[in-house]
Amino acid sequence: MKQLINVTRSSMPSFEEYCEEIKDLWDSHWLTNMGVKHKHLQSQLEEYLSVPNVVLYTNGHLALENVIAALDLPAGGEVITTPFTFVSTTHAIVRNGLIPVFCDINPTDYTIDVSKIEALITDKTVAIVPVHVYGNLCDVDAIDVIAKKHNLKVIYDAAHAFGVRYRGAGAASFGDASMLSFHATKVFNTIEGGAVCFADDALVANLNDRKNFGIRGPESCVYVGGNAKMSEFQAAMGICNLRHVDEEIAKRGKVVAQYRKLLSGVPGLTLCEDQPEVQPNYAYFPVVFDGYKYSRDQVFSRLKEEEIIARKYFYPLTNDFECYRDLPTAGAEKTPVAQFVADRVLTLPLYADLSLEDVSRICSVILE
Ligand SMILES: *Cc1c(COP(=O)(O)O)cnc(C)c1O
């Protein structure tokens, strides 16, 4: 029997370690609403990520939605973003009453093409929401220059970039704020979870109130907020997983090295290169099938026959989804590089405990 190899597998501490961590919740009966675990994880993450402020959320999507709301951008404003992302990025913009304007990506690391941003800026542009795709860092220096010149806010979707560093600085320390996702499928997880990271201390109370219905005190409600609080059980999972995350990233690195050894130099396969001055987190292993003897879809199906689950990530583009197709700014043909990559990319199985033998088996199915 072939053993199923899924595209990812959630990191977990041992059962005993988690039980030990949640034990005192049976004494306190304090299960959510920013308790001890929540505070502990928050301060640990501020240190680990080298960012001045972390506000925790029950998931990454609501973190992004909340920080966009907190920056108080004028309704109907245009936000420059990319369609080569998870729908969450585009949804967070639109659900705030803002209009997504889709910029193309660059063909090297699949992040926003900074040379195409300025042509999209109008008098309605209020912000840029770039995505650190696969943990590849956007050109944060160029984006900073453009944003300052045009007085735009920058909010990074850093869902893929946990633990990535650039010239020693944490990946979540750029722009006005960054969103991280701690979903079960990400490099670091709190089961479901997420965070906003930022420097401006004035945002702390704003974000903390917004994730708790906009309530500031027992008799005060200052925002039309929702509920996006991280529970104590989620935070406890994060505290445990954080103890092992460096080791997990190192193991992912070995898996990636094995993939590169077996797949680089093969005609028709394009792999992502390491970025200069970036310490990577090995979150994903994308392969672009461009002129290979089989199409992306053929390889995807062939792997599936062997019980190996790869992912068409990201396909389709968000500017091609039913819910956005009718927007005047949508249309995949406006972002041809993103369309090209979305039609040809697969991310291969990657997680810390994936064995090097399994990596070899996956590669031999692709290469046979
Ligand atoms: C996972 C992800 C999100 C959403 O995060 P959740 O924690 O699942 O809500 C947003 N953007 C990108 C790029 C993601 O990969």
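The rules behind these values
- Residues numbered from 1 in each chain as written.
- Predicted model: local features only at pLDDT ≥ 70, side-chain atom pairs only at ≥ 80, totals over all residues.
- Heavy atoms only, no water.
- Domains from an automatic or database assignment.
- Contact = heavy atoms within 4.5 Å.
- Buried area = accessible area lost by both parts, 1.4 Å probe.
- Salt bridge = Lys/Arg side-chain N within 4 Å of Asp/Glu carboxyl O.
- Polar contact = N/O pair within 3.5 Å; in protein donor to acceptor, adjacent residues only side chain to side chain.
- Helix = DSSP H or I, 4+ residues; strand = E, 2+ residues; numbered from the N terminus.
- Nonpolar A, V, L, I, M, F, W, Y, C, P; charged D, E, K, R; others polar.
- Near = heavy atom within 4 Å.
- Areas by Shrake-Rupley, 256 points an atom, 1.4 Å probe, with all protein chains shown as cover.
- 1 Å grid on protein atoms, 1.4 Å probe; cavity = no way out; pocket = protein on both sides within 12 Å on 5 of 7 lines; lining within 4 Å.
- Sits in = over half its atoms within 2 Å of the grid points.
- Disulfide = S-S within 2.5 Å.
- Buried < 20%, exposed > 50% of the residue type's maximum accessible area, 1.4 Å probe, protein only.
- Core = buried A, V, L, I, M, F, W, Y, C linked by side-chain atoms within 4.5 Å.
- Points joined across faces, edges and corners; volume = space filled by probe spheres on them.

Asker: Looking at this model, I keep getting lost on the domain arrangement of the chain. Mind explaining?
Answerer: As a measure of interface size, the accessible area lost when the parts come together is often cited. For the chain, the assigned domains are domain 1 (15-239) and domain 2 (244-367). The straight-line distance from the C-alpha centre of domain 1 to that of domain 2 is 24 Å. With 40 residues of domain 1 at the interface, the matching set in domain 2 holds 37 residues. Interface of domain 1 and domain 2: buried area, both sides summed, is about 3200 Å²; carbon and sulfur atoms make up 62% of it. The tally of links between domain 1 and domain 2 comes to one salt bridge. The residue Arg-167 makes a salt bridge to Glu-277 at a minimum N-O spacing of 3.2 Å. Counting across the interface, domain 1 meets domain 2 through 16 residue pairs in polar contact (both at pLDDT 80 or more). Listed by contribution, the elements that provide at least two residues to the side of domain 1 that touches domain 2 are helix H5 (87-94), strand S3 (99-102) and strand S6 (165-166). Along the lines of polarity and charge, the residues of the side of domain 1 that touches domain 2 split into 23 nonpolar, 10 polar and seven charged.

Asker: Explanation requested: the site of the ligand in the structure shown.
Answerer: Neighbouring the ligand are 16 residues, the closest being Gly-60, His-61, Asp-157, Ser-181 and Lys-186. Lys-186 has a polar side-chain atom sitting 3.2 Å from an oxygen atom of the ligand. In the environment of the ligand, an oxygen atom lies 3.3 Å from a nitrogen or oxygen atom belonging to the side chain of Tyr-313. Protein coverage of the free-state accessible area of the ligand, which is 380 Å², stands at 93%. Under a 2 Å grid-point criterion requiring more than half of the atoms, the pocket assigned to the ligand is the largest pocket. For the shell around the ligand, the elements supplying multiple residues, two or more each, are helix H4 (60-70), H5 and strand S8 (177-181). Here the shell around the ligand is built from residues that sort into four nonpolar, 10 polar and two charged.

Asker: How should I be thinking about the state of the cysteines in this particular structure?
Answerer: Working definition of a disulfide: a covalent bond connecting the sulfur atoms of two cysteines. A complete count under the given rule lists zero disulfides for this structure. The cysteine Cys-272 is free of any disulfide, with Cys-138 supplying the nearest cysteine sulfur at 13 Å. The exposure class of Cys-272 is buried, given its relative accessible area of 10%. The closest cysteine sulfur to the non-disulfide-bonded Cys-363 is located on Cys-272, 15 Å from its own sulfur. Using a relative accessible area of 1% as the deciding quantity, one classes Cys-363 as buried.

Asker: Can you help me understand H4 in this one?
Answerer: For an α-helix, 3.6 residues make a turn, and residues three or four places apart therefore share a direction. Among the 11 residues of H4, eight are classified as buried, and the element is accordingly described as predominantly covered. Regarding H4, the residues found buried are Gly-60, Ala-63, Leu-64, Glu-65, Asn-66, Val-67, Ile-68 and Ala-70. N-capping of H4 is provided by Asn-59, with a side-chain oxygen placed 3.2 Å from the backbone N of His-61. Phi turns positive, to about 55°, at Asp-72, one or two residues after H4.

Asker: Just to check I follow, could you spell out the nonpolar core for this structure?
Answerer: A general tendency of soluble globular proteins is for nonpolar side chains to be buried together. Within the largest apolar cluster, 61 residues are counted, with the highest numbers of intra-cluster contacts made by Leu-45, Phe-84, Tyr-110, Ile-117, Phe-162 and Phe-182. Broken down by secondary-structure element, the contributors of at least two residues to this core are helix H3 (36-49), strand S1 (53-57), helix H6 (140-150), strand S5 (153-157), strand S9 (194-198), helix H8 (232-263) and helix H11 (336-344). With five residues, H8 is the single largest residue contributor to this core. Non-local contacts of Phe-182, meaning those with residues more than four positions away in its chain, are made with Leu-45, Leu-56, Phe-162, Phe-188, Asn-189, Thr-190, Ile-191, Glu-192, Gly-193, Gly-194, Ala-195 and Met-230. In this structure, Ile-5, Val-255, Phe-285 and Leu-346 belong to the second largest nonpolar core, which totals 27 residues.

Asker: Could you clarify how one ought to interpret the environment of Pro-286 in this entry?
Answerer: By secondary structure assignment, the location of Pro-286 is in strand S14 (residues 285-289). We classify Pro-286 as buried; its relative accessible area is 3%. Residues Pro-286 and Lys-312, spaced 26 residues apart in sequence, show a C-alpha to C-alpha distance of 9.3 Å. In this view, Pro-286 contacts Tyr-134, Thr-270, Leu-271, Cys-272, Val-345, Leu-346 and Thr-347; residues no more than four positions away in its chain are not counted.

Asker: Mind showing me how you'd approach the layout of surface pockets here?
Answerer: Roughly 350 Å³ of volume is contained in the largest pocket. Looking at the largest pocket, it is lined by 21 residues, and the ones nearest its centre are Phe-86, Ser-88, Ser-181, His-183 and Lys-186. Classifying every residue of the lining of the largest pocket by side-chain character gives seven nonpolar, 10 polar and four charged. Looking at which domains feed residues into the lining of the largest pocket, each of domain 1 (15-239) and domain 2 (244-367) gives three or more. Taken together, 18 residues make up the lining of the second largest pocket; nearest its centre are Asp-109, Leu-137, Gln-275, Pro-276 and Val-278. Across the lining of the second largest pocket, the residue classes break down as seven nonpolar, five polar and six charged. The two domains that each donate at least three residues to the lining of the second largest pocket are domain 1 (15-239) and domain 2 (244-367).

Asker: Honestly, the pattern of salt bridges in this entry has me stumped. Any pointers?
Answerer: Two side chains that carry opposite charge are able to pair once their charged atoms sit near each other. Inspection of the entire model under this criterion finds 20 salt bridges. The salt bridge partner of Glu-21 is Arg-243, with a shortest N-O separation of 2.7 Å. One end of the pair, Glu-21, is in helix H1 (residues 15-22); the other, Arg-243, is in helix H8, with 222 residues separating them in the sequence. Judged by relative accessible area, which is 10%, Glu-21 ranks as buried. For Asp-209, the salt bridge is made with Arg-216, and the minimal N-O distance between the two is 2.5 Å.

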